Amino acid sequence: APVIYGLEFQARALTPQTAETDAIRFLVGTQSLRYDNQIHIIDFDDENNIINKNVLLHQVGEIWHISTSPADKGVLATCYNKTSDTKVMTCAAVWRMPKELESGSHESPDDSSSNTQTLELLCHLDNTAHGNMACVMWEPMGDGKKVISLADNNILLWDLQESSDKAVLSSSAALEGKGQLKFTSGRWSPHHNCTQIATANDTTVRGWDTRSMRQIYCIENAHGQLVRDLDFNPNKQYYLASCGDDCKVKFWDTRNVTEPVKTLEEHSHWVWNVRYNHSHDQLILTGSSDSRVILSNMVSISSEPFGHMVDDDELSDQEDQHQEEKIKEPLQDSVIATYEEHEDSVYAVEWSSADPWLFASLSYDGRLVINRVPRALKYHILL
């Protein structure tokens, strides 16, 4: 059964704590105009099926995006709205949480003692010259010192100095063209020695080389309407998923961008998020303004399109024949489950960094739902 946690504020920012691979932990950022904003640290206790939470104050503004260091459990970045005079600016900063909250395995405090604590500001990713920040991406396999932020039409590569309390802009690139070009989202590829990122602006998806800051591929009209999100297949280096306001999820091979490899049309409204499972790349999670979360099994384009291969030595003759037949037939792509626990737009879905079978989804009304991959499918994939 799903486990549901309600924040008393609206929310759209969710991330797993990437560096925490033992305990199941997510961070949620709130959007409140009237009150101080917060980051809720959600620890899921698997054995007892309960959630323990800690709250951090984020007093600088509404949180639009949140991401965590791949190397340091205590460090995270937020993109947030800052109002000065009459102008609203989306800024980004890197923070450290209190030492005792860094690790996800601590016992839950009883409610009376769970005081709200404050984040320590490490540094601002200064965007005064570059525009509004859309997102901050950490170098996936890195030591937590390299981050890229997207600000309006700029890609900014930052170097976080020794204790992350100073950010130096090491290189940048700008999107040139007609009109007001703005990035909506981006992902840093875990492949090619982490030298590539993909970005979305309007209906276009672009690939960039982070060493030269030059464009390496461009998928024009990747979607009929705005592209909302991207994700790279963790095991197949040229495979990229995108989703958007045309209600579609598309899968691309970036070596041949004229046509998607596959298209999913299961949602009935904007698709805000697409995420590959980190361990089993046929499992794809999507969240949409239709209030649904959909788990799909995209076996045909996964790194194991014929399922789990069995060693010949392990089989008797009779089994051998059966196995031959089985191997010829690629498994079918299908929707495994549609989750309907939300009553509002699902703005974020994320897999746990610690448990490959567990994921969280967040809707705008502040409802966080933790769900699991159906057991039957889990065993089908494992056995």
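Labelled according to an unreviewed UniProt entry, the protein chain appears under the name EIPR1 protein, originating from Dicrurus megarhynchus. Checking UniProt for the protein chain, the heading Sequence similarities (unreviewed entry) contains the comment "Belongs to the WD repeat EIPR1 family."

Engineer: Looking at this structure, I do not really get the overall build of the protein chain. What am I missing?
Structural biologist: A tally of helices and strands in the protein chain yields 2 helices and 29 strands. At 21 Å, the protein chain has a C-alpha radius of gyration in line with the 21 Å of a compact globule built from 383 residues. Its C-alpha atoms give the protein chain principal-axis dimensions of about 75 × 55 × 40 Å. Every one of the 383 residues in the protein chain was classed for burial, and the buried ones make up 54%. Counting only contacts in the protein chain whose residues sit at least 6 apart along the sequence, the fraction spanning at least 24 positions is 51%.

Engineer: Would you take a moment to explain the sheet that holds strand β21 (residues 249-253) for this structure?
Structural biologist: Strand order in the open sheet formed by 4 strands is β19-β20-β21-β22, with antiparallel pairing between adjacent strands. In this open sheet, the two edge strands, each paired with only one partner strand, are β19 (227-232) and β22 (262-264). On average, each strand axis in the sheet is inclined to that of its neighbour by 20°, with strand direction left out of account.

Engineer: Could you clarify how one ought to interpret the UniProt feature "repeat: WD" (unreviewed entry) in the protein chain in this entry?
Structural biologist: In this structure's numbering, the residues bearing the UniProt feature "repeat: WD" (unreviewed entry) are residues 220-256. Strand forms 46% of residues 220-256 and helix 0%; the C-alpha atoms that close the span are 12 Å apart.

Engineer: Is there a simple way to think about the side chain of Arg12 in this case?
Structural biologist: Positionally, Arg12 belongs in strand β2 (residues 10-16). Notably, Arg12 is buried but unbridged: the nearest opposite-charge side chain belongs to Glu62, and the N-O separation is 7.5 Å. With residues up to four places along the chain from it excluded, the contact list for Arg12 reads Gly29, Gln31, Ile63, Trp64, Trp272, Tyr347, Ala348, Leu362 and Tyr364.

Engineer: Please explain the pattern of salt bridges as it appears in this structure.
Structural biologist: Oppositely charged side chains can form a pair if their charged atoms are brought close together. This structure, assessed with the given rule, holds 16 salt bridges. Its salt-bridge partner being Lys73, residue Glu20 comes within 3.4 Å of it at the nearest N-O pair. Of this pair, Glu20 sits in the loop between β2 and β3 (24-31) while Lys73 sits in the loop between β6 (63-68) and β7 (75-84), and the two are 53 residues apart along the sequence. The shortest N-O distance in the salt bridge between Arg187 and Asp231 comes to 3.1 Å. Of the two residues, Arg187 is situated in strand β15 (residues 183-188) and Asp231 in strand β19; the sequence distance between them amounts to 44 residues.

Engineer: Would you mind showing me how to read the pairing of strand β8 (residues 87-96) here?
Structural biologist: Here is the key point about a regular strand: its side chains alternate between the two faces of the sheet. By the criterion of burial, β8 is predominantly enclosed, with 7 of the 10 residues buried. In this structure, β7 lies alongside β8, joined through 10 bridges in antiparallel fashion. Within the sheet, the bridge partner assigned to Thr83 lies in β8 and is Val88. Counting the residues between successive antiparallel strands, the hairpin from β7 to β8 contains 2 residues, one of them, Asp85, with a positive phi of roughly 55°.

Engineer: I tried to follow the side chain of Gln17 on my own but got confused; where do I start?
Structural biologist: Residue position: Gln17 is located in the loop between β2 and β3. Accessibility expressed as a relative area gives 2% for Gln17, which makes it buried. A polar contact of 2.5 Å, which involves the side chain of Gln17, links it to the backbone oxygen of Lys73. Beyond its immediate sequence surroundings of up to four residues, Gln17 is in contact with Arg25, Leu27, Thr68, Lys73, Met97, Glu102 and Ser353.

Engineer: Which parts of the structure should I look at to understand the sheet that holds strand β13 (residues 154-160)?
Structural biologist: Within a sheet, adjacent strands bond to each other through the backbone by hydrogen bonds, running parallel or antiparallel. Spatially, 4 strands are ordered β11-β12-β13-β14 in an open sheet, and the strand pairing comes out antiparallel. Looking at the sheet topology across the chains shown, the edges are occupied by β11 (133-138) and β14 (167-174). Neighbour to neighbour, the strand axes of the sheet diverge by 20° on average, direction disregarded. Here β13 runs beside β14; their pairing, made up of 7 bridges, is antiparallel. Counterpart to Ile155 in the pairing with β14 is Ala173.

Engineer: Would you mind showing me how to read a nonpolar patch on the surface here?
Structural biologist: Together, Tyr379, Leu382 and Leu383 give the surface a local cluster of nonpolar side chains, amounting to about 330 Å² of exposed area. Along the polypeptide, Tyr379 turns up in helix α2 (residues 375-382).

Engineer: Please clarify how the state of the cysteines should be interpreted in this entry.
Structural biologist: Such a bond, covalent and formed between the sulfur atoms of two cysteines, is termed a disulfide. Tallied over the entire structure, the rule returns 0 disulfides. Free of any disulfide, Cys123 has its nearest neighbouring cysteine sulfur in Cys79, separated by 13 Å. Here Cys194 stays free of any disulfide, with the sulfur of Cys135 as its closest cysteine sulfur at 16 Å.

Engineer: Quick question: what am I supposed to make of unusual backbone geometry here?
Structural biologist: The phi angle of most residues is negative, glycine excepted, and most peptide bonds adopt the trans form. Residue Asn49 is not a glycine yet carries a positive backbone phi of 55°. Positionally, Asn49 belongs in the loop between β4 (37-45) and β5 (50-58). Of the residues examined, Asn49 reaches a relative accessible area of 37% and is grouped as partly exposed. Backbone geometry places Asn193, a non-glycine residue, at a positive phi of 55°. Among the structural elements, Asn193 can be located in the loop between β15 and β16 (196-201). On the basis of relative accessible area, Asn193 is assigned to the exposed category, the value being 72%.

Engineer: Whenever I open this one, the nonpolar core confuses me. Can you help?
Structural biologist: As a rule of thumb, soluble globular proteins bury nonpolar side chains together. In this structure, Leu14, Phe26, Val28, Ile42, Leu368 and Ile370 are the most contacted members of the largest nonpolar core, which totals 17 residues. Put simply, the parts of the chain that give this core at least two residues each are β1 (3-6), β2, β3, β4, β28 (358-363) and β29 (367-372). Aside from chain neighbours lying at most four places away, what touches Leu368 is Val3, Ile4, Tyr5, Leu14, Val28, Ile42, Ala360, Ser361 and Leu362.

Cut-offs and rules
Residues numbered from 1 in each chain as written. Predicted model: local features only at pLDDT ≥ 70, side-chain atom pairs only at ≥ 80, totals over all residues. Heavy atoms only, no water. UniProt positions renumbered as here; feature names shortened; annotations may be inferred. Helix = DSSP H or I, 4+ residues; strand = E, 2+ residues; numbered from the N terminus. Rg over C-alpha atoms; globule rule 2.2 N^0.38 Å. Buried < 20%, exposed > 50% of the residue type's maximum accessible area, 1.4 Å probe, protein only. Contact = heavy atoms within 4.5 Å. Pairing = 2+ DSSP bridges. Axes fitted to C-alpha atoms, helices over the stretch in contact; angles between N-to-C directions. Lys, Arg positive; Asp, Glu negative; His and termini not counted. Salt bridge = Lys/Arg side-chain N within 4 Å of Asp/Glu carboxyl O. Polar contact = N/O pair within 3.5 Å; in protein donor to acceptor, adjacent residues only side chain to side chain. Patch = residues over 30% accessible without salt bridge, like charges linked within 9 Å, V, L, I, M, F, W, Y side chains within 5 Å. Areas by Shrake-Rupley, 256 points an atom, 1.4 Å probe, with all protein chains shown as cover. Disulfide = S-S within 2.5 Å. Core = buried A, V, L, I, M, F, W, Y, C linked by side-chain atoms within 4.5 Å.

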